[in-house]
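# Chains, contacts and geometry: an overview
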Amino acid sequence: MAYILKVTYSSGTNFKQSLKDSSQLGLCEKYNISNGKTFRVRDKADADTDHYRVTLFDKVGNAGCPQYDTWYVFKNHVDIQPETSGGSVAEVIVINATSGLNVREQPDTSARELGKIPNGSRVSVYGEGKDNDGFRWIKVKSNQWVSSEGWVATEYLKILSVR
């Protein structure tokens, strides 16, 4: 089973290569992650009462350092939930949507608006795209701006990474 890990601590957190306090670790032994960042997790386990041991689908790390897929992370700084209906296909950034990108209930400009994702925000998109109403649409899952999954027009997205 795959999971989605989301950093929920306002100051962000660190992925760590050991259970030591982050202040005792070198640059290549920790990786700082900002609040709101999400990762796909292949496996998770309790490492101790305060930490999870997570294995990510992708390797991450600081520039110039080895990249790892297995890390320890402080439990109180993250939310880990089972992934539903398939994993993300890409991480994107919202562009050219000065008043925010509308998230719609259906892939249609006349469908009910569920919320807006601010311009410059990063989100993960899921599933296959659909053409409708002169736009190419793709699904986004619930996130910090929208409480349920919905559809966004791809012309307002720039791909950052593909999974």
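Quick note: structure is the one above.
Here's what I pulled together on the structure shown here. Model, not experiment: these values are computed from the prediction. (Residues numbered from 1 in each chain as written. Predicted model: local features only at pLDDT ≥ 70, side-chain atom pairs only at ≥ 80, totals over all residues. Heavy atoms only, no water.)

## Here's the deal with the state of the cysteines
Among covalent bonds in proteins, the disulfide is the one between the sulfur atoms of two cysteines. In the structure shown here, the tally under the stated rule is one disulfide. Note on cysteine connectivity: Cys28 is disulfide-linked to Cys65, with sulfurs 2.0 Å apart. Across the S-S bond linking Cys28 and Cys65, the dihedral sits near -70 degrees, which makes this disulfide left-handed. Residue Cys28 is found in the loop between strand S2 (13–16) and strand S3 (30–33), and its partner Cys65 is found in the loop between strand S5 (51–60) and strand S6 (68–74); the two are separated by 37 residues along the sequence. With relative accessibility at 31%, the residue Cys28 sits in the partly exposed group. (Disulfide = S-S within 2.5 Å. Helix = DSSP H or I, 4+ residues; strand = E, 2+ residues; numbered from the N terminus. Buried < 20%, exposed > 50% of the residue type's maximum accessible area, 1.4 Å probe, protein only.)

## Concerning the pattern of salt bridges
Scanning all chains against the criterion turns up four salt bridges. A salt bridge links Asp46 to Lys75, with the nearest nitrogen and oxygen atoms 3.0 Å apart. In this pair, Asp46 sits in strand S4 (residues 38–46) while Lys75 sits in the loop between S6 and strand S7 (78–82), placing the two residues 29 residues apart along the sequence. One salt bridge in this structure joins Glu105 and Arg112, with 3.1 Å as the shortest N-O distance. By relative accessible area, which is 36% here, Glu105 ends up partly exposed. (Salt bridge = Lys/Arg side-chain N within 4 Å of Asp/Glu carboxyl O.)

## As for the pairing of S4
Of the strand pairs in this sheet, strand S1 (residues 3–7) and S4 are connected by four bridges, and their pairing is antiparallel. By the bridge assignment for S4, Tyr3 is matched with Val41. Two strands pair when backbone bridges link them, and S4 and S5 are joined in this way by five bridges, in the antiparallel orientation. Residue Asp43 lies in a different strand from S5, and its bridge partner there is Thr55. Between S4 and S5, which pair antiparallel one after the other, the connecting turn spans four residues. (Pairing = 2+ DSSP bridges.)

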